[in-house]
Amino acid sequence: MRYIARSMSASQRERHVVVGRVQGVGFRPFVYRLAREHALSGYVLNAPEGVVIEVQGPPERLARFATDLIDTLPPLAMIVEHSCESVPFCPDDDGGEFAIRKSTAGVGHHVLVSPDMATCPDCLADMADPANRRHRYPFTNCTNCGPRYTITQSLPYDRHATSMACFPLCEACRAEYEDPLDRRFHAQPNACPVCGPRLWLTDRHGKTLAEGAKAMARAAKALRGGKILALKGLGGFHLAADAANHAAVAELRRRKKRPAKPLAVMTADLEMLSRLAHVSPDEAALLTGRERPIVLVTMKPGTGLSPDISPDTDQLGAMLPYTPLHHVLLAALREAQPDGEDALAALVMTSGNLSSEPISLGNREALSRLGSLADFFLLHDRAAWCACCTRKAARRDSSSCAGPGGSRLPPYFCRPKVPAFLESARNSRTRCASPRVTKPS
Ligand SMILES: [Zn+2]
Ligand SMILES: [Zn+2]
């Protein structure tokens with residue numbers, strides 16, 4: 001009894017408040033692991049003012065925790081402000097567990113929400129493995145990648161505050177979500193073919209033609225046949241055409257009333273792009289970075305790419321897939337050609353809007369507005385939130401893409417990006433707090 005009393009008096013309790021990009025980047029799981037590593041009790045939670053952490057234990061362990069909290073951040077996390085203060089010792093908590101508590105809502109200050117992030121190598125490996133339950137699943141993600149901003153409806157960032165709220169986790173996904181050692185621990189957009197968003201293909205009248213993997217295969221076949229596909233992405237629609245099909249590219253130009261401006265091209269991977277263009281190490285680094293910008297590269301002659309993509313110039317606006325859906329579609333495109341692996345897998349991708357209209361968002365809205373532009377629609381049931389911000393961002397950001405060496409790209413080579421700065425507003429709805437956008441690094 002005396003020993004317990006001495007032990008309790010040796011322990012102290014501290015409260016950290018961390019502000020910055022600390023929601024949606026695996027920060028709470030990181031804090032959880034760190035606290036357990038240092039054998040501290042307490043909790044972590046998302047609050048409107050940031051992430052609140054209370055830890056209790058001997059002072060030397062508290063000090064090591066505080067150091068590691070700053071020095072060993074997860075790759076996508078960024079701390080803007082950090083405060084630490086002593087708070088009253090909590091006898092019931094001493095020697096207990098450390099927990100991730102339910103988020104608290106309310107009026108608060110700025111928090112940074114992570115932008116959507118390109119699919120990570122681990123998720124790509126999951127999707128490529130025929131034995132994996134996420135084989136070719138176009139909504140695969142984890143703590144290190146996937147949608148954030150475009151699915152977030154309100155803050156704090158939790159699943160119920162995202163457009164994933166209507167997809168209850170299946171048993172297998174819940175086990176990952178609750179396992180501190182899993183890279184999907186508390187990954188809010190976590191999903192699989194059993195419980196997550198679904199994909200389907202329709203004609204231009206909205207009639208469903210195929211679902212899931214069959215929809216993807218049929219869409220790829222249609223593209224190879226010269227058809228134009230409207231593709232629902234993260235925050236809006238793209239129109240896609242086979243970049244090797246001259247007639248398809250010419251038809252896309254005619255329908256979009258865009259006779260001459262260069263079109264951007266997405267290739268399956270860097271290797272495929274290198275077949276089409278000269279790619280310097282700097283350009284390769286930009287193309288494969290987390291932001292996945294469109295980068296100007298110099299085309300090689302005689303590659304089979306439609307000459308209508310960049311008439312009058314040898315410059316090509318190139319980008320690599322940044323969502324799992326892009327990866328799966330380009331893999332299907334490769335397979336839809338008899339020569340398989342050797343086939344050119346490149347898509348012309350242009351925003352699904354007429355002239356200066358904002359990017360379409362909802363499925364129904366897209367069908368009615370893009371019906372004259374696309375032959376087929378690849379749709380899914382995961383909504384994109386914060387439409388006003390996305391639209392504003394699309395316009396505002398139309399000249400802010402960087403080329404190699406910091407050069408500017410022409411506006412027509414830019415794809416919309418989203419602001420990274422959100423404010424937890426009085427009514428708890430997200431809105432843009434400042435015009436900050438994520439720039440390619
Ligand atoms: Zn991932
Ligand atoms: Zn699942």
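Since we're looking at a predicted model, the values are computed, not measured. (Residues numbered from 1 in each chain as written. Chains lettered and ligands numbered in written order. Predicted model: local features only at pLDDT ≥ 70, side-chain atom pairs only at ≥ 80, totals over all residues.)

**A few points about the overall build of the chain**
Summing up its helical and strand segments, the chain has twelve helices and 18 strands in all. When each of the 441 residues of the chain is scored for burial, the buried share is 46%. (Helix = DSSP H or I, 4+ residues; strand = E, 2+ residues; numbered from the N terminus. Buried ≥ 20, exposed ≤ 12 C-beta atoms within 10 Å, placed from the backbone.)

**So, the sheet that holds strand 2 (residues 41–47)**
With mixed pairing, the five strands of this open sheet are ordered in space as 4-1-3-2-5. Both edges of this open sheet fall to strand 4 (78–87) and strand 5 (98–100), since each of them pairs with a single strand only. The sheet shows a mean angle of 15° between the axes of neighbouring strands, direction not considered. As paired strands, strand 2 and strand 3 (residues 50–57) are joined by seven bridges and run antiparallel to one another. Across the sheet, the residue bridging to Val44 is Ile53, located in strand 3. (Pairing = 2+ DSSP bridges. Axes fitted to C-alpha atoms, helices over the stretch in contact; angles between N-to-C directions.)

**A look at unusual backbone geometry**
Located in the positive-phi region is Ala39, a residue other than glycine, with phi close to 55°. With respect to the secondary-structure elements, Ala39 resides in the loop between helix 2 (27–37) and strand 2. In this model, His186 sits at a positive phi of 55°, which is unusual for a non-glycine residue. Mapped onto the elements of the fold, His186 is located in the loop between helix 5 (171–178) and strand 7 (199–203). His186 gets classed as buried once you count the C-beta atoms within 10 Å, which come to 23.

**Points about the sheet that holds strand 13 (residues 295–299)**
Pairing between sheet strands relies on hydrogen bonds along the backbone, with the strands arranged either parallel or antiparallel. The strand order across the open sheet formed by ten strands is 8-7-16-9-10-15-11-14-13-12, and the pairing between neighbours is mixed. Sheet topology places strand 8 (208–211) and strand 12 (277–278) at the edges, where each strand pairs with a single neighbour. In this sheet, strand 16 (residues 376–380) lies alongside strand 9 (residues 229–232) in parallel orientation, the contact comprising three bridges. Residue pairing across strands places Leu231 opposite Leu378, the latter belonging to strand 16. Packed onto the sheet, helix 7 (residues 246–256) meets strand 10 (237–242) and strand 15 (346–351) and runs at close to 145° relative to strand 10. (Contact = placed C-beta atoms within 7 Å.)

**A closer look at the packing of helix 4 (residues 121–128) against helix 10 (residues 324–335)**
In contact at an axis separation of 11 Å, helix 4 and helix 10 are set at 40° when each is read in the N-to-C sense. What the angle tells us is that helix 4 and helix 10 run oblique. Regarding helix 4 and helix 10, the two cross each other, and that crossing is right-handed. Here helix 4 contributes Cys123, Leu124 and Met127 to the contact with helix 10, which in turn contributes Pro324, His327 and Val328. Taken together, the residues of the contact of helix 4 with helix 10 break down into five nonpolar, one polar and no charged. (Parallel < 35°, antiparallel > 145°, perpendicular 65-115°, else oblique. Left-handed = near helix turned anticlockwise from the far one by under 90°. Nonpolar A, V, L, I, M, F, W, Y, C, P; charged D, E, K, R; others polar.)

**Focus on the pairing of strand 2**
Summarising burial for strand 2: five of the seven residues are buried, a large majority. Between strand 2 and strand 3, which follow one another and run antiparallel, lie two residues. By the bridge criterion, three bridges tie strand 2 to strand 5 in an arrangement that is parallel. Along strand 5, the bridge assignment pairs Tyr43 with Ala99.

**Focus on the packing of helix 6 (residues 212–224) against helix 10**
Running from N to C, helix 6 and helix 10 cross one another at 60°; their axes reach a closest spacing of 8 Å. Put simply, helix 6 runs oblique to helix 10. Along this stretch, helix 6 crosses helix 10, giving a crossing that reads as right-handed. Counted together, Met216, Ala217, Ala219, Ala220, Leu223 and Arg224 of helix 6 and Val328, Leu329, Ala332 and Leu333 of helix 10 form the full contact between these two elements. When the residues that make up the contact of helix 6 with helix 10 are grouped by side-chain class, the tally is nine nonpolar, no polar and one charged.

**Quick notes on the confidence of the model for the chain**
Put simply, the chain has an average pLDDT of 81, and 80% of its residues get 70 or more. Note on residues 386–441: pLDDT under 50 across the span, and 121 contacts to partners over four residues away in sequence or across chains. (pLDDT = per-residue confidence, 0-100.)

**Description of helix 7**
Of all the positions in helix 7, only Ala248, Val249, Leu252 and Arg253 are classed as buried. Burial along helix 7 is one-sided: seen end-on, the buried residues are contained in an arc of 140°. When the buried face of helix 7 is taken as reference, the exposed residues oriented beyond 90 degrees from it are Ala247 and Arg254. The elements touched by buried residues of helix 7 are strand 10 and strand 15. A positive phi of about 55° marks Lys257, the residue just after helix 7. (Arc of directions from axis to C-beta.)

**Digging into the pairing of strand 15**
Within strand 15, six of the six residues are buried, which leaves it mostly tucked inside the rest of the structure. Going residue by residue along strand 15, you find Ala346, Val348 and Thr350 tucked away on one face and Leu347, Met349 and Ser351 tucked away on the opposite face as well.

**Things to note about the nonpolar core**
Counting 70 residues, the largest nonpolar core has Ala219, Leu229, Val265, Leu347 and Val348 as its most contacted members. Beyond its immediate sequence surroundings of up to four residues, Val348 is in contact with Ala240, Ala241, Ala243, Val249, Leu252, Leu263, Val265 and Ile309. The next biggest cluster of nonpolar side chains, apart from the first, holds 17 residues, and it includes Val22, Phe30, Ala35 and Leu69. (Core = buried A, V, L, I, M, F, W, Y, C linked by C-beta atoms within 7 Å.)

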